[in-house]
Amino acid sequence: MKSFLYLAPLLLVFAVVGVSAYVRLAPTDPARWHVDPADPALSSGRGGVLVRPGGDLESPVFAEAPAALLARFAEIADATPRTRVLAGSVAEGRITFVTRSLLWGFPDYTTVEAVPEGDGARLVIYARLRFGDSDLGVNRARVEGWLAALAG
């Protein structure tokens, strides 16, 4: 029994390190995350947000071409700490970003497209988490911040 009391903290440390390593090192399949954010079958669910007509948020219409709007969005997202492009490009017309949390490195995926709307364009965005059931509103806040920066 005494030996277990000595081993328990060590086992706990190994468990925490193991989970942390898995979260940070688990392979990411771009085909799973680089999806059409306008797909009507998608649901924001817990820990996610959909920006599109009828979604959780609606993007304003910007007075610029879709490619120019997507390029501006990409600059803002690229400047966000711990965010990188997972797949896609402005030339492709769709980009998926992965943003990792500071402490544990939990990945959140955000896919964005700019679509024509009248004489301008609007964004269609699908942001979601990979692990767990809740991100405490982090994805929504990040997307709202990016949209505010675009409008600013």
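Residues numbered from 1 in each chain as written. Predicted model: local features only at pLDDT ≥ 70, side-chain atom pairs only at ≥ 80, totals over all residues. Heavy atoms only, no water.

A. Representation of the nonpolar core within the structure. In terms of nonpolar packing, the biggest core is built from 21 residues, with Phe-73, Val-112, Leu-123 and Ile-125 touching the most fellow members. Beyond its immediate chain neighbours, meaning those up to four positions away, Val-112 contacts Leu-70, Phe-73, Gly-93, Arg-94, Ile-95, Phe-97, Leu-123, Val-124 and Ile-125. (Core = buried A, V, L, I, M, F, W, Y, C linked by side-chain atoms within 4.5 Å. Buried < 20%, exposed > 50% of the residue type's maximum accessible area, 1.4 Å probe, protein only. Contact = heavy atoms within 4.5 Å.)

B. Layout of the side chain of Arg-128. Residue position: Arg-128 is located in strand β5 (residues 120–129). As a buried residue without a salt bridge, Arg-128 has its nearest oppositely charged side chain in Asp-108, at a separation of 9.1 Å. From its side chain, Arg-128 meets the backbone oxygen of Trp-33 in a polar contact 2.3 Å long. (Helix = DSSP H or I, 4+ residues; strand = E, 2+ residues; numbered from the N terminus. Lys, Arg positive; Asp, Glu negative; His and termini not counted. Salt bridge = Lys/Arg side-chain N within 4 Å of Asp/Glu carboxyl O. Polar contact = N/O pair within 3.5 Å; in protein donor to acceptor, adjacent residues only side chain to side chain.)

C. Quick look at the layout of surface pockets. Estimated volume of the largest pocket: approximately 180 Å³. Along its surface, the largest pocket is lined by 14 residues, and Ser-101, Phe-106, Asp-108, Ser-134 and Asp-135 are the ones closest to its centre. Looking at the lining of the largest pocket, the elements with two or more residues in it are β3 (94–100), β4 (107–117) and α4 (138–151). Here the lining of the largest pocket is built from residues that sort into six nonpolar, three polar and five charged. (1 Å grid on protein atoms, 1.4 Å probe; cavity = no way out; pocket = protein on both sides within 12 Å on 5 of 7 lines; lining within 4 Å. Points joined across faces, edges and corners; volume = space filled by probe spheres on them. Nonpolar A, V, L, I, M, F, W, Y, C, P; charged D, E, K, R; others polar.)

D. Local environment of the pattern of salt bridges. Applying the stated criterion across every chain yields a total of eight salt bridges. Residue Arg-94 pairs with Glu-113 through a salt bridge whose shortest N-O separation is 2.4 Å. Here Arg-94, found in strand β3, pairs with Glu-113, found in strand β4; they are 19 residues apart in sequence, far enough to count as distant. The buried category is assigned to Glu-113, whose relative accessible area is 13%. When the shortest N-O distance is used, the salt bridge between Arg-122 and Glu-117 registers 3.4 Å. Judged by its relative accessible area of 34%, Glu-117 is partly exposed. Taken together, the salt bridges that share partners define one network made up of Asp-36, Arg-94 and Glu-113.

Geometric values such as these leave the question of function open.
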